[in-house]
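One-letter residues, chain by chain:
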Amino acid sequence: MPQRCWLMKCEPSAYTIDDLARDGTTSWEGVRNYQARNFMRDEMQVGDPVLFYASNADPSGVTGLAAIARAGYPDHFALKKGHKYFDDASSPDKPTWFMVDIRFVERFGHVVPLDTLKTTKGLEKMMVTQKGSRLSVQPVTKAEYDIVVRLGRARAGSRAT
């Protein structure tokens, strides 16, 4: 399968690009949307590049880069009774929910705000710029990914580790 590019949203109160920089890798668990689940289960592959997006932030926007470190596998939290991601319809032999692991690539020196994404030529069709787009895992084209990376690196201060 050819490499795809992705945008993955997370609220800063849950996890940030700085958390990922500190941890190196993390699991992307708890996604409970079927379309996002299908992307993780069926399409994300090791090495795929990721735009790390801070949602419900001030401002919301892309804060850095990650990459898929482990392709889709069953979300084991769905099987843990009492866990906030527990789903009694999921079972070990027929898992409902999947997750991926991501690894840190780069922290931008500044947020690339949603308002900038919405007004940048070449990003008009990007899913995150569309009204009502709330999906937490979204495909982006290689061209869109490259434009956002250029915007994120436009000012001094991007730090890769």
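The structure we're discussing is the one just above.
Remember, it's a predicted structure, so these values are computed and weren't measured experimentally. (Residues numbered from 1 in each chain as written. Predicted model: local features only at pLDDT ≥ 70, side-chain atom pairs only at ≥ 80, totals over all residues. Heavy atoms only, no water.)

Enquirer: Please explain the overall build of the chain as it appears in this structure.
Expert: A tally of helices and strands in the chain yields 4 helices and 7 strands. Each helix (α) and strand (β) of the chain, taken in turn from the N terminus, gives the series β-α-β-α-β-β-β-α-β-α-β. Whereas a compact globule of 161 residues would reach a radius of gyration of roughly 15 Å, the chain reaches 16 Å, a difference of no more than 12%. Across its three principal directions, the C-alpha atoms of the chain cover 50 × 30 × 30 Å. (Helix = DSSP H or I, 4+ residues; strand = E, 2+ residues; numbered from the N terminus. Rg over C-alpha atoms; globule rule 2.2 N^0.38 Å.)

Enquirer: Would you mind showing me how to read the environment of Gly72 here?
Expert: For Gly72, the position within the fold is in strand 4 (residues 61-74). In this structure the C-alpha to C-alpha distance between Gly72 and Met44, which are 28 residues apart in sequence, comes to 6.8 Å.

Enquirer: For this particular structure, what's the right way to read the pattern of salt bridges?
Expert: As enumerated under the stated definition, the model contains 8 salt bridges in all. With a closest N to O distance of 2.8 Å, Arg22 and Asp23 form a salt bridge. Classification of Arg22 by relative accessible area gives exposed; the value is 58%. A cluster of three or more residues bridged by salt bridges with shared partners is formed by Asp19, Arg22 and Asp23. (Salt bridge = Lys/Arg side-chain N within 4 Å of Asp/Glu carboxyl O. Buried < 20%, exposed > 50% of the residue type's maximum accessible area, 1.4 Å probe, protein only.)

Enquirer: Is there a simple way to explain the side chain of Asp75 in this structure?
Expert: Residue placement: Asp75 occurs in the loop between strand 4 and strand 5 (98-113). Ignoring any residue separated from it by four or fewer positions in sequence, one finds Asp75 in contact with Glu29, Gly30, Arg32, Trp97, Phe98 and Met99. (Contact = heavy atoms within 4.5 Å.)

Enquirer: Could you clarify how one ought to interpret the pairing of strand 4 in this entry?
Expert: Regular strands show a simple pattern: their side chains alternate between the two faces of the sheet. In terms of strand pairing, strand 3 (residues 49-54) meets strand 4 through 6 bridges, oriented antiparallel. Residue pairing in the sheet places Tyr53 in a bridge with Val62 of strand 4. Remark: 6 residues form the turn of the hairpin made by strand 3 and strand 4, two consecutive strands paired antiparallel; Asn56 in that turn has positive phi of roughly 50 degrees. Relative to strand 5, strand 4 is paired through 10 bridges, and the arrangement is antiparallel. (Pairing = 2+ DSSP bridges.)

Enquirer: Would you take a moment to explain helix 2 (residues 34-43) for this structure?
Expert: In an α-helix there are 3.6 residues to a turn, and that puts residues three or four apart on one side. Along helix 2, the residues that are buried comprise Ala36, Arg37, Phe39 and Met40. All buried residues of helix 2 project into a common sector of 155 degrees when viewed along the axis, lining one side. Elements that come into contact with the buried residues of helix 2 comprise strand 1 (5-10), strand 2 (25-28), strand 4, strand 5 and strand 6 (137-140). Where helix 2 begins, one side-chain oxygen reaches toward the backbone nitrogen of Gln35, 2.9 Å away; that side chain belongs to Asn33. (Arc of directions from axis to C-beta. Polar contact = N/O pair within 3.5 Å; in protein donor to acceptor, adjacent residues only side chain to side chain.)

Enquirer: How should the nonpolar core be read in this particular structure?
Expert: Considering soluble globular proteins, one finds that nonpolar side chains tend to be buried as a cluster. Ranked by internal contacts, the top residues of the largest apolar core, which has 21 residues, are Met8, Trp28, Ile102 and Val137. For this core, the secondary structure elements donating two or more residues are strand 1, helix 1 (17-23), helix 2, strand 3, strand 4 and strand 5. For Val137, the residues in contact, after removing those within four places along its chain, are Trp6, Leu7, Met8, Trp28, Val31, Ala36, Phe39, Met40 and Met44. Grouped together as the second largest cluster of nonpolar side chains are 18 residues, Phe108, Leu117, Leu123 and Val128 included. (Core = buried A, V, L, I, M, F, W, Y, C linked by side-chain atoms within 4.5 Å.)

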